[in-house]
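# Descriptive structure summary
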Amino acid sequence: MNSKKTNDWLKSREDYKSSKNAELLYDEIKKASVSALSKAITLVESKNKNDISQANILIQKILSESNEGLRIGITGVPGVGKSTFIESFVLYLSSIGKKVAVLTIDPTSSRTKGSILGDKTRMNKLVGDKNVFIRPTSSGLALGGVNAHTRDAIILCEAFGFDIIIVETVGVGQSETEVFEMTDFFLLLMLAGAGDELQGIKRGIMEMADCIAITKSDGDNILNSKKAVQAYKNALHLFPPKENNWIPQVLKCSAYENENIDKIWEIICGFENQQKLNGEFNKNRTRQNLLWFKSSINYLLESRFLGNAEIQQEIKNYENFISEGKISPLVAANEIMDKVFNKQF
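Computed from a predicted structure; not experimentally measured.

### Let's talk about the packing of helix H2 (residues 34-45) against helix H6 (residues 150-160)
Running from amino to carboxyl end, H2 crosses H6 at an angle of 160°, the nearest separation of the two axes being 9 Å. The orientation of H2 relative to H6 falls into the category roughly antiparallel. Every pair of crossing elements has a handedness; the one defined by H2 and H6 is right-handed. Within the contact between the two elements, H2 uses Val 34, Leu 37, Ala 40, Ile 41 and Val 44 and H6 uses Asp 152, Ala 153, Leu 156, Cys 157 and Phe 160. Across the contact of H2 with H6, the residue classes tally to nine nonpolar, no polar and one charged.

Below you can see the structure in the form of structure tokens.
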């Protein structure tokens, strides 16, 4: 057998093996195997070539089905108590019979590339709940407050049969918007009494919020919380109406005292009903898939570009030239891109 036939045979064999493994994993997920779900999420996050092949087959098979899970994005300023709120909120959802998956994103150090992944310890009341699945993931180098494969994890959790998928983002920042583009409902958590409430967050995120919840509204902070609710209501009136005709809601809540946790769920249900009635829910899902496509292109371009050994060496060479003042960073970047598109690598 010549080398070309051998390579074709090996590729065909690997493709068959990947397809078979993906089928087996899919069957286990549909049987509600938590270990299979965890394995599948690990698979889609892998950079191994064979794992990527299996993950693509698995996701494509799942996408051919109807996925009915409600996707909720939750973000907020540092110290707002996202984990505490989510624990209280998910306990409530579980108590009314909902199956909930919580995808938590921990920030990755740009220096060490490490993450703490401590959300399971912060939400210890949820760990033993049979209706709840928690998956902490590092953000990697992805912007937008999410992981590069968060969308894949959402799809897998829906295939498992979860009614609600919650995505807890890293925290509010300049590029903390991608979660909005992959969820149905966007919940923004804010603090009262911290000073300059309306200055403490980017306007763009406030415009995207479907609901603003003022957290820690208990004890001596109740009066401040009431003032904050009114301040945010006034601020939202200055923004242009949402395209989906939804009027964002503002309320105070306390995870510690479980105040208004049920009200937040009522708001989300009202939002879902309205959006499905006016057709905006499905339109948003279509937009999500198109944005998923574009972000996947960006992710693959970057990973394959930086994963090329010749390009890496060329980058190191240019870094030396830049350090020695022989070339500007912009000119260096343009020269590398010209070489790439001229297929010199």
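Further notes follow.
### Details of the nonpolar core
Ile 72, Phe 85, Phe 89, Leu 156 and Ile 212 are the most contacted members of the largest nonpolar core, which totals 81 residues. In terms of residue count, H6 provides more of this core than any other element does, seven residues in total.

### Section: the packing of aromatic side chains
Applying the stated criterion across every chain yields a total of seven aromatic pairs. When the centroid spacing of 5.9 Å and the interplanar angle of 70° are considered together, the rings of Phe 180 and Phe 186 count as edge-to-face. By relative accessible area, Phe 186 is classed as buried at 0%. On the basis of an interplanar angle of 80° and a centroid distance of 5.1 Å, the ring pair of Phe 185 and Phe 271 is categorised as edge-to-face. With a gap of 86 residues between them, Phe 185 in strand E5 (residues 185-190) and Phe 271 in helix H9 (residues 261-277) connect regions that are remote in the sequence.

### Some details on the pairing of strand E4 (residues 164-168)
Summarising burial for E4: five of the five residues are buried, a large majority. Here E4 shows a buried face lined by Ile 164, Ile 166 and Glu 168 and a second buried face lined by Ile 165 and Val 167. Both strand E1 (residues 70-76) and E4 contribute to a ladder of five bridges, which runs parallel. Bridge assignment links Leu 70 to a residue of E4, and that residue is Ile 164.

### So, the side chain of His 149
Take His 149: it is sitting in the loop between strand E3 (132-138) and H6. Side-chain polar atoms of His 149 contact the side chain of Asp 152, separated by 3.1 Å. Beyond its immediate sequence surroundings of up to four residues, His 149 is in contact with Val 44, Glu 45 and Tyr 299.

### A short note on the packing of H6 against helix H10 (residues 280-306)
Packed helices, taken two at a time, are described by the angle their axes make and the gap between the axes. It is the contact of H6 with H10, at a shortest axis distance of 11 Å, that shows an interaxial angle of 135°. The angle between H6 and H10 falls in the class oblique. Listed contacts from H10 to Arg 151, Asp 152, Ile 155 and Glu 158 of H6 are Arg 285, Gln 288, Leu 291, Trp 292 and Ser 295. In the contact of H6 with H10, the residues fall into three nonpolar, two polar and four charged.

### Some details on unusual backbone geometry
With a phi angle near 65°, Ala 32 is a residue other than glycine that sits in the positive phi range. Along the chain, the position of Ala 32 falls in the loop between helix H1 (3-30) and H2. The phi angle at Lys 216 is positive, at roughly 55°, despite the residue not being glycine.

### A word on the pattern of salt bridges
Evaluation of the coordinates by the stated rule reveals 13 salt bridges. A salt bridge links Lys 276 to Glu 272, with the nearest nitrogen and oxygen atoms 2.9 Å apart. You can see Lys 276 and its partner Glu 272 sitting in helix H9, four residues apart, about one turn around the helix. A salt bridge links Glu 324 to Lys 326, with the nearest nitrogen and oxygen atoms 3.0 Å apart. By sharing partners, the salt bridges in this structure join Arg 71, Glu 158, Asp 184 and Arg 285 into a single network.

### Describing the environment of Gly 69
Summarising the element assignment, Gly 69 is placed in the loop between helix H3 (49-63) and E1. Its relative accessible area of 2% is what places Gly 69 among the buried residues. Residues Gly 69 and Phe 160, spaced 91 residues apart in sequence, show a C-alpha to C-alpha distance of 9.9 Å. The contact partners of Gly 69, leaving out residues within four places of it in the chain, are Glu 158, Phe 162, Asp 163, Ile 165, Asp 184 and Arg 285.

### With respect to H6
With eleven of eleven residues buried, H6 lies mostly within the body of the structure. Following H6 by one or two positions, Gly 161 adopts a phi angle in the positive range, close to 115°.

### Comments concerning helix H12 (residues 329-341)
Its 13 residues place the ends of H12 18 Å apart at the C-alpha level, agreeing with the 18 Å of an ideal helix rising 1.5 Å per residue. With its phi angle positive at about 60°, Lys 343 sits one or two positions after the end of H12.

### Quick notes on the pairing of strand E6 (residues 211-214)
Taking every second residue as pointing to the same face, both faces of E6 are buried, with Cys 211 and Ala 213 on one and Ile 212 and Ile 214 on the other. Where E5 and E6 come together, four bridges link them in parallel fashion. The residue of E6 that forms the bridge with Leu 189 is Ala 213. Bridging between E6 and strand E7 (residues 249-252) involves four bridges; their strand directions are parallel. Of the residues in E7, the one forming a bridge with Ile 214 is Lys 252.

The rules behind these values
- Residues numbered from 1 in each chain as written.
- Predicted model: local features only at pLDDT ≥ 70, side-chain atom pairs only at ≥ 80, totals over all residues.
- Heavy atoms only, no water.
- Axes fitted to C-alpha atoms, helices over the stretch in contact; angles between N-to-C directions.
- Helix = DSSP H or I, 4+ residues; strand = E, 2+ residues; numbered from the N terminus.
- Parallel < 35°, antiparallel > 145°, perpendicular 65-115°, else oblique.
- Left-handed = near helix turned anticlockwise from the far one by under 90°.
- Contact = heavy atoms within 4.5 Å.
- Nonpolar A, V, L, I, M, F, W, Y, C, P; charged D, E, K, R; others polar.
- Core = buried A, V, L, I, M, F, W, Y, C linked by side-chain atoms within 4.5 Å.
- Buried < 20%, exposed > 50% of the residue type's maximum accessible area, 1.4 Å probe, protein only.
- Phe/Tyr/Trp six-rings, centres within 6.5 Å; stacked < 30°, edge-to-face > 60°.
- Pairing = 2+ DSSP bridges.
- Polar contact = N/O pair within 3.5 Å; in protein donor to acceptor, adjacent residues only side chain to side chain.
- Salt bridge = Lys/Arg side-chain N within 4 Å of Asp/Glu carboxyl O.
- Expected span 1.5 Å × (residues − 1).

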